[in-house]
Amino acid sequence: MPGAGEAPPRAAAHPAAQPRPDPQAADAAGALPLATLIAMALDGHPALAAERAREQVAQAAIRSAKARPNPELEWLVGRQGARLPGVAEGPTHSLGLTQRLELPSLRRARLDAAEASARGVRASVGAFQHALVAGVKRGYLGVLRAQAELRNVQEDAKVTEQIHARVKVRVETGEAPRFELLRAEAERLNAQRAVQTAQQRVGQALAELRQAVGPALPPDARVAGSLEDPVPPAESLDALRSRLLERHPELVAVRSELRAAEARVRVEQAQAEPSWSLRLGADRNPDLTNRRIGVSVTVPLLDRREGPIAEARATVLRLQSLLADREHQLGQALAIAGQQLQIAMDQVAAYEGGIVRQAESAMRVAEAAYRYGERGILDSLDAQRVWRAARNELNVARFELRAAQVEIERLRAEAGLDELTAVPAPGPTAALGAGGQP
């Protein structure tokens, strides 16, 4: 046990005092920095690869929207027989060509819907990527927290071993009652169990980190970093809120889907209009040849596509409500994260500014008093527990501070695509005109 003039055991110097590792490679000891973990997740996570494949589907949908209808070619052969005198007999041939003509409004609306959906898919992939990075950061912080707890309990186990050895000598020499040895033995066993539990928590945190990074992370990987690394200053929440409501990928994705739904309303309405087809034909008989040209019109008398139009309008209303809900939810999430960040900063400042030092000083005084016989073993052990609890609370506060910062970074995520910022935020009547008509 450290004496009155000795400092209690401390954890090893945190990596903030060491040169920062190469973000693309592990450090000399084989521990992986955060930048490498993020790169591994972005390069090899199967869920992100599946999300990125949606972009190819969206681009293919644009090509499908640009495609024009194929012509229909008809060729018939037969034989003409004579039932009247003077009519020639022989083979007959008939050739017909039909080309459906698309209305410009239908084609434009279909292409608008496909392009808006593609923008929404790109934004949703960006949102998934930001969420994936945030998950990696949270898993990384969880490992750092578990490792810090393991270092603390290992130090505690060493101190309790020293206390046990000293108490054992005093009991054997008759300077202390046997009760103190029993209490020291119980503390030593509790410290050993705490070390085992902390080791298991480190393994659990590494498993959760591997779940966030993906199969590219080895099961026995180690991470580099410390919860004591400096935290960059937080940005004003008002500025974050304005950018969040304008550029957050989730909102960009919903707005793009809303524009696509509005375009689908126009598609369904255009399909309710008469459609035209150009027809060419030629008949060749043994004694004459006929050539024809004309148009055919599909008149929407029985099917006015009222059902598909109503479905498209309902989709627009649903997306409008969803957009308003997501704006509210993200705004509240930013406010909550800001409050959590401020609370965690106050807690860290309180523990670093005096609570831990006061608990440490009290532990030294109780330890010195026990050494000189002024206090019993119970006072010394109680002071040790108070100091350990304060140190653990400081570790939790540092973790919560960085977790709140990660959440703010996730909410601050921007789409990163200039064309996405051009998607306006539709008003409550953007898709429906007067009388509820699009």
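Residues numbered from 1 in each chain as written. Predicted model: local features only at pLDDT ≥ 70, side-chain atom pairs only at ≥ 80, totals over all residues. Heavy atoms only, no water.

Within an unreviewed UniProt entry, the label attached to the chain reads TolC family protein, and the organism entered is Aquariibacter albus. Per UniProt, the chain has the following entry under Sequence similarities (unreviewed entry): "Belongs to the outer membrane factor (OMF) (TC 1.B.17) family." (UniProt positions renumbered as here; feature names shortened; annotations may be inferred.)

**Here's the deal with the overall build of the chain**
When its secondary structure is counted, the chain shows 9 helices and 4 strands. Put simply, the chain has 438 residues, and 40% of those count as buried. Contacts in the chain between residues at least 24 apart in sequence constitute 79% of all its contacts with a sequence separation of at least 6. Carbon and sulfur atoms make up 54% of the accessible area of the chain, which totals about 24,500 Å². (Helix = DSSP H or I, 4+ residues; strand = E, 2+ residues; numbered from the N terminus. Buried < 20%, exposed > 50% of the residue type's maximum accessible area, 1.4 Å probe, protein only. Contact = heavy atoms within 4.5 Å. Areas by Shrake-Rupley, 256 points an atom, 1.4 Å probe, with all protein chains shown as cover.)

**Here we look at the side chain of N395**
Considering the arrangement of structural elements, one finds N395 in helix α8 (residues 377–412). Ignoring any residue separated from it by four or fewer positions in sequence, one finds N395 in contact with R145, A148, E149 and L227.

**A look at helix α3 (residues 104–172)**
Across its 69 residues, α3 extends 101 Å between first and last C-alpha, which sits within 8% of the 102 Å expected from 1.5 Å per residue. Backbone geometry just after α3 places G174 at a positive phi near 80°. (Expected span 1.5 Å × (residues − 1).)

**Focus: the sheet that holds strand β4 (residues 289–298)**
Across the sheet, 4 strands lie side by side as β1-β2-β3-β4; this open sheet has antiparallel pairing. One side of each edge strand has no neighbouring strand; the edge strands of this open sheet are β1 (72–80) and β4. Pairwise comparison of adjacent strand axes, ignoring direction, gives a mean angle of 15° for this sheet. As judged from the 10 bridges shared by strand β3 (residues 275–284) and β4, these two strands associate in the antiparallel manner. Looking across to β4, one finds that R284 is bridged to T289. (Pairing = 2+ DSSP bridges. Axes fitted to C-alpha atoms, helices over the stretch in contact; angles between N-to-C directions.)

**What to know about the packing of aromatic side chains**
Scanning all chains against the criterion turns up 0 aromatic pairs. The residue whose ring lies beneath R145 is F399, and the NZ or CZ to ring-centre distance is 4.8 Å. (Phe/Tyr/Trp six-rings, centres within 6.5 Å; stacked < 30°, edge-to-face > 60°. Lys NZ or Arg CZ within 6 Å of the ring centre and 35° of its normal.)

**Looking at the nonpolar core**
Ranked by size, the top nonpolar core spans 33 residues in total, and within it L37, V136, L209, V213 and L217 carry the most contacts. Going through the elements one at a time, α1 (34–44), α3, α4 (178–213) and α8 are the ones with two or more residues in this core. The greatest single-element share of this core, amounting to 12 residues, is contributed by α3. Excluding residues within four positions of it along the chain, L37 makes contact with L32, V136, Y140, L209, V213, L217 and V223. One finds A261, A337, W387 and A397 within the second-largest nonpolar core, a separate group that totals 31 residues. (Core = buried A, V, L, I, M, F, W, Y, C linked by side-chain atoms within 4.5 Å.)

**Some details on the environment of G338**
Relative to the helices and strands, G338 is located in helix α7 (residues 306–371). Taking the relative accessible area as the measure of exposure, G338 reaches 11% and is therefore buried. In this view, G338 contacts L237 and I408; residues no more than four positions away in its chain are not counted.

**Remarks on the confidence of the model for the chain**
Scored by pLDDT, the chain has a mean of 79; 84% of the residues are at 70 or more. Contacts of residues 1–28 to residues separated by more than four positions or lying in other chains number 54 contacts, the stretch itself having pLDDT below 50. Across residues 415–438 the pLDDT falls below 50, and counting only partners more than four positions away or on other chains, this stretch makes 40 contacts in the model. (pLDDT = per-residue confidence, 0-100.)

**Some thoughts on the packing of helix α2 (residues 46–66) against α3**
Packing of α2 against α3 leaves a shortest axis separation of 9 Å and a crossing angle of 170°. Comparing their axes, α3 and α2 come out roughly antiparallel. (Parallel < 35°, antiparallel > 145°, perpendicular 65-115°, else oblique.)

**Describing the side chain of R255**
With respect to the helices and strands, R255 occurs in helix α6 (residues 249–271). Looking at R255, its side chain comes within polar contact range of the main-chain oxygen of L245, at 2.5 Å. (Polar contact = N/O pair within 3.5 Å; in protein donor to acceptor, adjacent residues only side chain to side chain.)

**With respect to unusual backbone geometry**
Phi is positive for R305, close to 55°, though the residue is something other than glycine. Within the fold, R305 resides in the loop between β4 and α7.

**Description of α2**
The terminal C-alpha atoms of α2 lie 31 Å apart, and with 21 residues this matches the ideal 30 Å at 1.5 Å per residue to within 8%. Inspection of α2 places L48, E51, A58, I62 and A65 among the buried residues, and these make up the whole buried set. Buried positions in α2, seen along its axis, are confined to an arc of 75° and lie on one side of it. Exposed side of α2, more than 90 degrees from the buried face: Q56, V57, R63 and S64 are the residues found there. For α2, the secondary structure elements touched by its buried residues are α1 and α3. (Arc of directions from axis to C-beta.)

**Thoughts on the pattern of salt bridges**
As enumerated under the stated definition, the model contains 20 salt bridges in all. In this structure, E149 and R201 form a salt bridge, with 4.0 Å as the shortest nitrogen-oxygen distance. Linking E149 in helix α3 with R201 in helix α4, this pair joins segments that are 52 residues apart in sequence. One salt bridge in this structure joins R188 and E185, with 2.6 Å as the shortest N-O distance. You can see R188 and its partner E185 sitting in helix α4, 3 residues apart, about one turn around the helix. Linked by salt bridges that have partners in common, R138, E250, R326, E407 and R410 make up one network. (Salt bridge = Lys/Arg side-chain N within 4 Å of Asp/Glu carboxyl O.)

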